[in-house]
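Results of the structural survey
Now for the letters of each chain:
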Amino acid sequence: MSLPITDQSIKERCARLAQLIADNLAARQTPDGNFKLPEFYAKAFAINLWTRIDPAKYAKNIRRAWTALTSEAQGKRYHREFIEYALLSTPGMNEEKLRQVLCTAPKQSPDVANWQVLGLINRQMRCGTAGTRAINFAHDMLIRARYWRSPLFLDRPNCFSSQYHAFCAALFSDSNAPSQWRLGKMATKLLAELSGTHGYSNLLGRGAGQSFGVVCTLFALQKHGYTQQAEAILFRLEDAFLQAGEMPLNLLAPNPLPDEPGPANPETPGWYSYNRHDDYLAFAGYWLCRTAELPDTKRDNPATPQACDNKRLLVVSTPFYQTQMACRGREVFDFSPAPVVMSGQAESAQILLPPTGGEQDHQSLYDAASVPLPAIGNTEFSRIFRMRKLSQNQAQIDFKLGGANGIRTITCNPSEITIQDRWKHPEDQKADLFRILIDGRIKLVQTSANTISASDLGVTFSADAELKLEPNGSFSAAGPANRITAPASVNATLKILWENADA
């Protein structure tokens, strides 16, 4: 019989992880107070974490980091809002110390929800004049009008990211303003649904799988009483830490940090050009520490939240799998060209179809060949021009390829997912359909021309066209991926079947 999940056990485990991260940061700090790798805000969050855990033990680290922070150049990419939030939240911090760091620091305030919410929270924590309260009220209303589409925060207008939704939910859930706290509670209901029993909480949009969004989700869930979902996420955090020997930036690919991490390095999937390991490490430690400090919460939330009826997301949960799709966006990393699928439940659940795509500002692992949409050879790739949720279990993607229109329809039934591709070129040219990515850690065996089996998961891929299995041909946010293609086709239907459905 397993031990019951309690607030105390979750808090003790969070405190233990926070302590391990604090020690890791101390070991990674250089004599001048910086860290071994470039970072934006790691020093500020490390000061906060060390102060919360044991200011005497980490006194030398805190002094070094403070010296480095006060002498740091403050250019266009200076993360003023993040640094300000970390310092304002540090026990014992006063206005004089803040001015030493921030008196000349520029504000960024880009048009993304998490930066805007962070700026609002900072202003609320620092100032209480009537004029400032009026500014805060107007800013709050702007955030709600531009980024809030109940029950979710948009990452950017009309674009969703579960990572940055989670950050906004955590910030508002931690707010002393009752209206913001209620908004955070509503946003946390969606986090509970996305996390399910499997604990993979951060799979859609920018930053899929990264620790940044996972620890924010854990805090918000624990704050609002979703104990089962919080424990499932905490298990994934602990498991990734155990596999990597440290807290990895990307929990879906928990590998030890290579010598040259970055989006162009195959050893670091799930990284984008702006990611910094020490930033995310200190940030994770802070939110784990905050979760450990939460008071016990009344448990009045259902184990399984109601399904999301927002048109921007398709989320289907069955006893055999959960699938998630983001149905609107602007860039390849906003949409879900293929469903993200977790096979199984609870701790034994495994990612089957991983999140794909990534930002393309700089060289990365995610090129057009890694987008799971039809293509003509290795030269022409589909372009999404519309995606929409048709019902609670069905979505449709309209794409263009080789000057012709195509349609992909995804239907999620209790024990199977169907993906149908239809494309017709004016000259009857054929394309490679599906190009669906399967997590590279799953053993796949082609049992017939039309069938591929993942027997360890009890899953079969079956089509009405010939299938081709291409091992290790692409990358997903979870690392190397296998690809299933229906070559030289114009219409084909692929069924993902859970074999034990009738057992």
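Relevant structure appears above.
My aim in this report is to walk through the structure given alongside it, one point at a time. No experiment lies behind these values; they were computed from the predicted model shown.

Quick look at the overall build of the protein now. Helix and strand counts for the protein stand at 12 helices and 19 strands. At 23 Å, the protein has a C-alpha radius of gyration in line with the 23 Å of a compact globule built from 503 residues. Oriented by its inertia axes, the alpha-carbon framework of the protein measures out at about 70 × 55 × 45 Å. Buried positions account for 58% of the 503 residues belonging to the protein. For the protein, the exposed area adds up to about 20000 Å²; of that, 51% sits on carbon and sulfur atoms. Each charge class in the protein can be summarised by its mean position, and for the 53 positive and 49 negative side chains these summaries are 7 Å apart.

As a packed pair, helix H8 (residues 162–173) and helix H12 (residues 277–293) sit with axes 13 Å apart at the nearest point and diverge in direction by 40 degrees. The angle between H8 and H12 falls in the class oblique. Handedness of the H8/H12 crossing: left-handed. Facing Gln163, Tyr164, Phe167, Ala170 and Leu171 of H8, the residues of H12 in contact are Tyr280, Phe283 and Trp287. Tallied by class, residues from the contact of H8 with H12 come to seven nonpolar, one polar and no charged.

With that settled, consider the packing of aromatic side chains. What the rule picks out here adds up to 25 aromatic pairs. On the numbers, 5.7 Å between centres and 75 degrees between planes, the contact of phenylalanine 153 with phenylalanine 172 is edge-to-face. A residue pair is termed long-range when its members are at least 10 positions apart, and phenylalanine 153 in strand S2 (residues 152–153) and phenylalanine 172 in helix H8 qualify at 19 residues. Each member of the pair phenylalanine 153 and phenylalanine 172 is classed as buried. Judged by centre distance (5.1 Å) and plane angle (80 degrees), the ring pair of phenylalanine 167 and phenylalanine 212 falls under edge-to-face. Here phenylalanine 167 is found in helix H8, whereas its partner phenylalanine 212 is found in helix H10 (residues 211–223), with 45 residues between them in sequence. There is no split in this pair, since phenylalanine 167 and phenylalanine 212 are both buried.

Scoring rules and cut-offs
- Residues numbered from 1 in each chain as written.
- Predicted model: local features only at pLDDT ≥ 70, side-chain atom pairs only at ≥ 80, totals over all residues.
- Heavy atoms only, no water.
- Helix = DSSP H or I, 4+ residues; strand = E, 2+ residues; numbered from the N terminus.
- Rg over C-alpha atoms; globule rule 2.2 N^0.38 Å.
- Buried < 20%, exposed > 50% of the residue type's maximum accessible area, 1.4 Å probe, protein only.
- Areas by Shrake-Rupley, 256 points an atom, 1.4 Å probe, with all protein chains shown as cover.
- Lys, Arg positive; Asp, Glu negative; His and termini not counted.
- Charge placed at Lys NZ, Arg CZ, Asp CG, Glu CD.
- Axes fitted to C-alpha atoms, helices over the stretch in contact; angles between N-to-C directions.
- Parallel < 35°, antiparallel > 145°, perpendicular 65-115°, else oblique.
- Left-handed = near helix turned anticlockwise from the far one by under 90°.
- Contact = heavy atoms within 4.5 Å.
- Nonpolar A, V, L, I, M, F, W, Y, C, P; charged D, E, K, R; others polar.
- Phe/Tyr/Trp six-rings, centres within 6.5 Å; stacked < 30°, edge-to-face > 60°.

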